[in-house]
Amino acid sequence: MKRQVLFLFFFCVDFVIGQVSYSIPEEMAKGSLVGNIAQDLGLDVKRLRFGKARIYTGDSVEYIELNRERGVLLIKEKIDREALCRQTTPCALHFQITLENPLELFPVTVEITDINDNAPVFQKEERRFEISESAVIGSKFMLEKAMDPDIGLNGLQRYTLKPTDNFALKLHSQSDGSKKVEMVLQKPLDREKQEHISLVLTAEDGGEPQMTGTMQIHVAVLDANDNAPVFSKPVYKASIAENSPIGTLITKVSASDADKGTNGEVTYVIANSMDSVSKLFHIDNKGDLILDSVLDYEKEKNYHIDIEAMDLGGLSDSSKIIIDIIDVNDNSPIVNMISTSGSVPEDSALKTVIALMSVNDPDSDTNGKVQCLINENIPFEIKPTSNNFYSLVTDSDLDRERASEYNITVTCSDEGVPSLSSSVTLTLQISDVNDNAPVFDRSSYEASIVENNTPGLSIFTVRARDADWKQNARVSYILEDSSVNGVPVSSYVSVSADSGVINAVRSFDYEQIKDFQFRVRAQDGGSPPLSSNVTVRMLIQDQNDNPPQVLYPVQTGGSVVAEMVPRAADVGYLVTKVVAVDVDSGQNAWLYKLQRATDRALFEVGSQNGEIRTIRQVSDKDAVKQRLTVIVEDNGQPSRSATVIVNVAVADSFPEVLSEFTDFTQDKEYNDNLTFYLVLALAVVSFLFITCLVVIISVKIYRWRQSRILYHSSLPVIPYYPPRYSDTLGTGTLQHVYNYEVCRTTDSRKSDCKFGRGGSQNVLIMDPSSTGTMQRIQSEKSILDEPDSPLEVRIQ
């Protein structure tokens, strides 16, 4: 069995100085207690359990096991000291106990003491000699040694030979500590008296109880061979390389016999045939020692061989051959990982230990000296910590985003010629640390959305990437608190936390807000989390969702507004001008069209300016009451339009048209009836009387507000009033300047029109309920002069 003894002198930062030793007898039963290792090392049992304590024996058989729950060492396999150490003393097991978190190493030595469990044994149960009667007193006869695997007092102590009539036992100490056993003739033999002699050789040990072994010796007495062989040297020495092939001649021995003839013929034998050397070597009759098997320096460094030279008469002599084995570099270094870390965080400190290893080369001298290196361009280094132990540590900063995994190859080479090497590869994962904030793919964003969008519409997506891993790289998007025109931005848009999709919360109106901006924060899932911000500018795109609105002429709910055209009006006479505005952007040009007219051959509308002019000479045959329907269209897609009705009175004076214009209210009454029926239909559908009341009240308020739109319009335009035309050339369409006052009540359908002095009127406003007003105009001129009239509008 191969065995390895480690001597630990010192350890570095991660090793513990000291050594624990135990002594136990061999052959202890499996599960027997060796010692309380936790107590002897001064460790808590929890440290053994949570530190994943284990026994490291290298490539040796593990006879001892560690019970981490109790903190004790137990017998794992029954130990036979003789099989483990043979005759070597002391016999000990050397191993290490390793702990993790932090990494620690504790050397332990368990000495195996011998018990008397083996009796002395002879290889053969009997031995036969043929001894000539002429053998002289003092003749020696080599006897086989008994073998006792035990040591010390339990080993072989003495031999006894019985009976002792003719022979005595003589022991000789040898250089290897063993005893050479010889049977010495002390009384001449007489074949005629005793032809056969039987002796018993007993080998005894010193154990308690004592154990013995015996061998029967049979002596046949022969005639006349009175000279024994004699070796030329008492000890022969030789050496051989361990890689020598089988059949190699190791050395040659010789012994001479003074007898002649067959009595002088000498044969050679290996005396210690019971030992393993009998399987490795043999000696022929010429005295040549030949190699029979493969040698291994690492198993045995030298051999002691007892040889015997014997003649045919049974006389013999003995000698010894000492063979030294020469080491050859035939073993590569053995690299054993004691403890490794599968992963380390990227923020690990310098010199963090990631692996402990032992390196052994069974070869001797320079063949066994080892140097270890790791592959280049990696942030690690290998450091020797003690005899045959190395630690792998970090020597620079780690960055998972640059390299998430390292394959570290440790190569150990000896100094033999040629050099032999071994390598082992360790895969190390670099675990992530949240050291990178999310980064948006743009420094700022700009997006647009068309107004009147559907709430919940996805507008666009912001993207941020995090160089970290897993949870540390999981990005969430958060809308930062801010306000737009005093309203929280969260009421305008929302951000999906997972995808970064920005959705519209409400429907936008370009006429109310044209653009706004907000900030989105990207935050990772690390602890603590890291974040970054980006500004998003939102542009609202206009949509043609508003029709043109007519500013002039004003469409009142209860009065009829008419433009007067004298019958003497010439071609191109400016009757009035339709003024409109559109709140949408970009649609600044409108087209005016005359949709319907009482007499289409009399008037035309300027498509670009909205001016209504006569296209022929007004005649007496033309009706006094002229009704024009003008459509104002914008340029949007799709196009939107508004319709305005212009009433024109063809007359030279007001009294001439009073009776005619009372009929203008009929259309209004028709519209009122239509509205009533629509409201009534809605009331029937809803089945709620109260809703009907609210609608009627709303219609009333709406009509009242429409009557005041001229004064309270919120449209971003400047109201247009027909210009003042002079009559300097005598061809103007409006020959005089008229001033008029409109006295309005809260009910716009009940109003009075009063005309001022010093001019003629070009706009006629009629109210169905005040048809008698014109009859009282002349008698109430004093009222027109009052400065405190409720409402006065002057058009020049």
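Model, not experiment: these values are computed from the prediction.

Re the overall build of the protein chain
Helix and strand counts for the protein chain come out as 9 helices and 54 strands. A buried classification covers 43% of the 796 residues belonging to the protein chain. Considering only contacts in the protein chain between residues 6 or more positions apart, those separated by 24 or more positions represent 68%. Here the protein chain displays about 41,400 Å² of accessible surface, and carbon together with sulfur accounts for 50% of that area.

Observations regarding the packing of aromatic side chains
All chains considered together, the criterion is met by 13 aromatic pairs. Between Tyr492 and Phe508, the aromatic rings sit 6.1 Å apart at their centres with planes inclined by 15°, giving stacked as the arrangement. Here Phe508 lies in the loop between strand 40 (501-504) and strand 41 (515-524) and Tyr492 lies in the loop between strand 38 (487-488) and strand 39 (493-495), a separation of 16 residues in the sequence. On the basis of relative accessible area, Tyr492 is assigned to the buried category, the value being 5%. Note on Phe508: relative accessible area 2%, which makes it buried. Taken together, the ring pairs connect Phe440, Tyr445, Phe460 and Tyr477 into an aromatic cluster.

A few points about the sheet that holds strand 31 (residues 421-431)
Strand pairing in a sheet takes place through backbone hydrogen bonds and is either antiparallel or parallel in direction. Reading across the sheet, the 4 strands line up as 25-31-30-27 and stay open at both edges, with mixed pairing between neighbours. With partners counted over all chains shown, the strands left at the sheet margins are strand 25 (343-345) and strand 27 (370-374), one partner each. Across the sheet, the mean angle separating the axes of adjacent strands is 30° when strand polarity is ignored. Two strands pair when backbone bridges link them, and strand 30 (residues 405-414) and strand 31 are joined in this way by 9 bridges, in the antiparallel orientation. Bridge pairing in strand 31 links Thr411 to Ser423.

Concerning a nonpolar patch on the surface
A contiguous nonpolar patch, built from Leu688, Phe689, Ile690, Leu693, Val694, Ile697 and Ile701 and spanning about 680 Å² of accessible area, is present on the exposed surface. Within the secondary structure layout, Phe689 lies in helix 7 (residues 689-707).

Let's talk about the sheet that holds strand 39
If you walk across this open sheet you meet the 3 strands as 34-40-39, and the pairing is antiparallel. In this open sheet, the two edge strands, each paired with only one partner strand, are strand 34 (458-461) and strand 39. On average, each strand axis in the sheet is tilted by 25° relative to the strand beside it, whichever way the strands run. The sheet contact formed by strand 39 and strand 40 spans 3 bridges and is antiparallel. Paired with Val495 across the two strands is Ile502, which belongs to strand 40.

Observations concerning the pattern of salt bridges
In this structure the tally under the stated criterion is 21 salt bridges. Between Arg402 and Asp399 there is a salt bridge, with the nearest N and O atoms lying 3.8 Å from each other. Overall, Arg402 belongs to the exposed group, its relative accessible area being 58%.

Observations concerning the nonpolar core
Val493, Ile502, Phe516, Phe518, Val520 and Met538 are the most contacted members of the largest nonpolar core, which totals 29 residues. At the level of secondary structure, the elements contributing two or more residues to this core comprise strand 33 (444-450), strand 34, strand 36 (475-479), strand 39, strand 40, strand 41 and strand 42 (531-541). Every residue in contact with Ile502, bar those within four places of it in the chain, is listed here: Leu457, Ser458, Ile459, Phe460, Val462, Val493, Ser494, Val495, Phe518, Val520 and Val536. Counting residues in each nonpolar core, the second largest holds 28 residues, with Tyr22, Leu66, Ile75 and Ile112 among its members.

Side note on the state of the cysteines
All chains considered together, the criterion is met by 2 disulfides. In this model Cys85 forms its disulfide with Cys91; the gap between the sulfur atoms is 1.8 Å. Taking the sign of the torsion about the S-S bond as the criterion, the disulfide between Cys85 and Cys91, at about 65°, is right-handed. A single burial state applies to Cys85 and to Cys91, both of which are buried. Sequence-ordered numbering of the disulfide-bonded cysteines in the protein chain gives the connectivity 1-2, 3-4.

So, unusual backbone geometry
Trans is the common state for peptide bonds, and a negative phi is the common state for residues other than glycine. The residue after Thr89, namely Pro90, is reached through a cis peptide bond having omega -10°. With respect to the helices and strands, Pro90 occurs in the loop between helix 3 (81-85) and strand 6 (91-99). Its identity as a non-glycine residue notwithstanding, Asn388 has a phi of 70°, on the positive side. Checked against the element boundaries, Asn388 lands in the loop between strand 28 (380-386) and strand 29 (389-394). One non-glycine residue, Lys470, adopts positive backbone phi at about 50°.

What to know about the environment of Ser23
One can find Ser23 in strand 1 (residues 20-25). Placed 70 residues apart in sequence, Ser23 and Leu93 show a C-alpha to C-alpha distance of 9.9 Å. Residues in contact with Ser23, not counting those within four places in the same chain, are Glu111 and Thr113.

Here we look at the side chain of Asn329
Mapped onto the fold, Asn329 is located in the loop between strand 23 (316-326) and strand 24 (334-340). Within polar-contact distance, the side chain of Asn329 engages the side chain of Asp414 at 3.3 Å. At a separation of 2.9 Å, a polar atom in the side chain of Asn329 contacts the main-chain carbonyl oxygen of Pro418. Excluding anything up to four places from it in sequence, Asn329 contacts Asp363, Asn367, Asp414, Gly416, Val417, Pro418, Ser419 and Leu420.

Considerations on the environment of Leu426
Mapping Leu426 onto the fold places it in strand 31. Along the primary structure Leu426 and Asn407 are separated by 19 residues, whereas in three dimensions their C-alpha atoms are 5.7 Å apart. With residues up to four places along the chain from it excluded, the contact list for Leu426 reads Met337, Thr340, Ala355, Leu392, Tyr406, Asn407 and Ile408.

Examining the environment of Asn434
Within the secondary structure, Asn434 sits in the loop between strand 31 and strand 32 (439-440). The exposure class assigned to Asn434 is buried, which follows from its relative accessible area of 14%. Between the alpha carbons of Asn434 and Leu530 there is a distance of 7.7 Å; along the sequence they are 96 residues apart. One polar contact links Asn434 to Asp524, side chain to side chain, over a distance of 3.2 Å. At 2.9 Å, the side chain of Asn434 and the backbone oxygen of Pro528 are in polar contact.

Quick notes on the confidence of the model for the protein chain
In this model, the protein chain carries an average pLDDT of 79, and 80% of its residues clear a pLDDT of 70 or more. In this model, residues 1-17 is a region of pLDDT below 50 whose contacts with residues beyond four sequence positions or in other chains number 43 contacts. Counted against residues more than four places away or in other chains, residues 710-761, with its pLDDT under 50, gives 109 contacts.

Observations concerning the pairing of strand 41
What you see with strand 41 is a clean split: Phe516, Phe518, Val520, Ala522 and Asp524 sit on the buried side and Asp515, Gln517, Arg519, Arg521 and Gln523 on the side with no burial. The sheet contact formed by strand 36 and strand 41 spans 5 bridges and is antiparallel. Bridge pairing links Ile478 to Arg521 in strand 41. In this structure, strand 41 lies alongside strand 42, joined through 9 bridges in antiparallel fashion.

Calculation criteria
- Residues numbered from 1 in each chain as written.
- Predicted model: local features only at pLDDT ≥ 70, side-chain atom pairs only at ≥ 80, totals over all residues.
- Heavy atoms only, no water.
- Helix = DSSP H or I, 4+ residues; strand = E, 2+ residues; numbered from the N terminus.
- Buried < 20%, exposed > 50% of the residue type's maximum accessible area, 1.4 Å probe, protein only.
- Contact = heavy atoms within 4.5 Å.
- Areas by Shrake-Rupley, 256 points an atom, 1.4 Å probe, with all protein chains shown as cover.
- Phe/Tyr/Trp six-rings, centres within 6.5 Å; stacked < 30°, edge-to-face > 60°.
- Pairing = 2+ DSSP bridges.
- Axes fitted to C-alpha atoms, helices over the stretch in contact; angles between N-to-C directions.
- Patch = residues over 30% accessible without salt bridge, like charges linked within 9 Å, V, L, I, M, F, W, Y side chains within 5 Å.
- Salt bridge = Lys/Arg side-chain N within 4 Å of Asp/Glu carboxyl O.
- Core = buried A, V, L, I, M, F, W, Y, C linked by side-chain atoms within 4.5 Å.
- Disulfide = S-S within 2.5 Å.
- Polar contact = N/O pair within 3.5 Å; in protein donor to acceptor, adjacent residues only side chain to side chain.
- pLDDT = per-residue confidence, 0-100.

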